[in-house]
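Listed here are the chains, written in short residue letters.
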Amino acid sequence: MAPSSTTDAASFYEDEKNLKLLCDFLRSSEGPAVREAIEMDKRVYYLKGEKLVNFMVEPKKGAKWPKDLPKFKTRQEAIAVCKELCNYQYMHRSEKRGKGDLVISRDRDFDESGIFTWIYEGDKSFSHLMTTLLIMGFLFCVCFPIWPNFLKVFAWYMSVSFLLLIFFLVTVRGVFFLFVWILGYDFWFLPNLFDEQLGFVDSFKPLYSFEKTKEGQLMYRIGIAVAFFSFCWWAITQPSEFDGFVSAQGDFIKDLYAGTLLSDVSEADKENIDKPKMGSLEDLLAGLESSDDPEEELLSEEAKLEKMMENLMDEAEDLTDEE
């Protein structure tokens, strides 16, 4: 049973194991809010000492305090435990050098007005599990040449589907933005989707943004509107050309999924890459006719045929020598 009196609570956190349990709670999603910064070229999480003490004395609304940890009755208790956190190096005091930039403070004592950076990172079991899965996934991808055929086909379909999904999403976002922008508003679906500074989950927040456009864009909106409606008019009045465009896109997607995007000619050239190449009779005749040598222009037809036969014999001898 967890201690309930003030004396029991103070003595409870004197044990480092119990102090570590408190750190696990404070570093969890139920703990106090923290901010990100860079300290010694490393991303860290920090908070103000006053906010930490306030949370320990009176947790934020909705936070579930663990049943096996005694609560703090006074601020003096919380401050005393915070000092122990600094002594056991679960956190250290820092100073702001700039926006989002911290340095370790020479003053190591806990004070509510100071800034404190977490050293303790909490339970690393999930992080170790994800690292193991990442390594296994990397090795799995490296072994792609020995995959069974059905896995290769599945990977190809998944890659093509993901590529088409990204292309469709980008296109739809752009079309919706353009259409609403013509009306005088900025509308973005998933506005932070391509923000490299945000995490994976935060990239999908908020779902959309809707704001009035800045002044001075009226002429641009009119020009884009004319171009857009001109395209719509062309698509309606020239159905054969537009249908051909749509049909070509459908064939492109089919070839993409079937893995036959390269033409048959390219595939044939790939298969015959090691075979010797010999020009056809038409190519040889065309080469003789297009010759820039003035003496050859004076040759008769019989001389041209005789020279062509000599060239063929020379090429045949070269092939025989190579074999």
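In this text, all values refer to a predicted model and were calculated from it rather than measured experimentally. (Residues numbered from 1 in each chain as written. Predicted model: local features only at pLDDT ≥ 70, side-chain atom pairs only at ≥ 80, totals over all residues. Heavy atoms only, no water.)

Novice: Help me out: how do you make sense of the overall build of the protein chain in this one?
Specialist: Helix and strand counts for the protein chain come out as 12 helices and 7 strands. Burial analysis of the protein chain (323 residues in total) assigns 22% to the buried set. Summarising the internal contacts of the protein chain: among those between residues at least 6 apart in sequence, 57% fall at separations of at least 24. Put simply, the protein chain shows about 24,500 Å² of open surface, and 61% of that area lies on carbon and sulfur atoms. (Helix = DSSP H or I, 4+ residues; strand = E, 2+ residues; numbered from the N terminus. Buried < 20%, exposed > 50% of the residue type's maximum accessible area, 1.4 Å probe, protein only. Contact = heavy atoms within 4.5 Å. Areas by Shrake-Rupley, 256 points an atom, 1.4 Å probe, with all protein chains shown as cover.)

Novice: Explanation requested: a positive patch on the surface in the structure shown.
Specialist: Taken together, the side chains of Arg35, Lys48, Lys51 and Lys96 make up a positively charged region of the molecular surface. Residue placement: lysine 48 occurs in strand 2 (residues 42-48). With relative accessibility at 37%, the residue lysine 48 sits in the partly exposed group. (Patch = residues over 30% accessible without salt bridge, like charges linked within 9 Å, V, L, I, M, F, W, Y side chains within 5 Å. Salt bridge = Lys/Arg side-chain N within 4 Å of Asp/Glu carboxyl O. Lys, Arg positive; Asp, Glu negative; His and termini not counted. Charge placed at Lys NZ, Arg CZ, Asp CG, Glu CD.)

Novice: Please explain the nonpolar core as it appears in this structure.
Specialist: Buried together is how nonpolar side chains tend to be arranged in soluble globular proteins. Tyr13, Leu22, Leu26 and Met56 are the most contacted members of the largest nonpolar core, which totals 27 residues. When contributions to this core are tallied by element, the ones reaching two or more residues are helix 2 (16-26), helix 3 (49-57), helix 4 (75-87) and strand 5 (115-118). Residues in contact with leucine 26, not counting those within four places in the same chain, are Gly31, Pro32, Leu52, Phe55, Met56, Leu85 and Trp118. In this structure, Ala37, Val44, Tyr46 and Ile115 belong to the second largest nonpolar core, which totals 5 residues. (Core = buried A, V, L, I, M, F, W, Y, C linked by side-chain atoms within 4.5 Å.)

Novice: Would you take a moment to explain the sheet that holds strand 1 (residues 35-39) for this structure?
Specialist: Strand pairing in a sheet relies on backbone hydrogen bonds, with the paired strands running either antiparallel or parallel. Spatial ordering of the closed barrel is given by 1-2-5-3-4, a layout of 5 strands whose pairing is mixed. Each strand axis lies, on average, 55° off the axis of its neighbour in the sheet, ignoring direction. Of the pairings in the sheet, the one linking strand 3 (residues 91-98) to strand 5 comprises 4 bridges and is antiparallel in character. When the sheet's bridge partners are listed, arginine 93 is paired in strand 5 with phenylalanine 116. Each of strand 2, strand 3 and strand 5 touches helix 3; the most contacted strand, strand 2, lies at about 65° to it. (Pairing = 2+ DSSP bridges. Axes fitted to C-alpha atoms, helices over the stretch in contact; angles between N-to-C directions.)

Novice: In this structure, what is going on with a nonpolar patch on the surface? I would like to understand it.
Specialist: Together, Phe179, Leu183, Tyr185, Phe189, Leu207, Tyr208 and Phe210 make up an exposed nonpolar region whose accessible area comes to about 740 Å². By the secondary structure assignment, phenylalanine 189 is in strand 6 (residues 185-189).

Novice: What exactly am I supposed to notice about the side chain of asparagine 18 here?
Specialist: Relative to the elements of secondary structure, asparagine 18 occurs in helix 2. From its side chain, asparagine 18 meets the backbone oxygen of phenylalanine 12 in a polar contact 2.9 Å long. (Polar contact = N/O pair within 3.5 Å; in protein donor to acceptor, adjacent residues only side chain to side chain.)

Novice: Looking at this structure, I do not really get the pairing of strand 4 (residues 101-104). What am I missing?
Specialist: Looking along a regular strand, one sees side chains alternate from face to face of the sheet. As paired elements, strand 1 and strand 4 share 2 bridges and run parallel to each other. Paired with glutamate 39 across the bridge in strand 4 is leucine 102. Bridge count between strand 3 and strand 4: 4 bridges; the pairing is antiparallel. By the bridge assignment, glycine 98 is partnered in strand 4 with aspartate 101. Connecting strand 3 to the next strand, strand 4, in antiparallel fashion are 2 residues, including glycine 100 with a positive phi near 70°.

Novice: Explanation requested: the pattern of salt bridges in the structure shown.
Specialist: Two side chains bearing opposite charge may form a pair once their charged atoms approach each other closely. Inspection of the entire model under this criterion finds 5 salt bridges. The partner of lysine 42 in a salt bridge is glutamate 121, and the shortest N-O contact between them spans 3.6 Å. Here lysine 42 is found in strand 2, whereas its partner glutamate 121 is found in the loop between strand 5 and helix 5 (125-142), with 79 residues between them in sequence. For lysine 42, a relative accessible area of 48% corresponds to the partly exposed category. Two residues, arginine 97 and aspartate 101, come together in a salt bridge whose shortest N-O distance is 3.0 Å.

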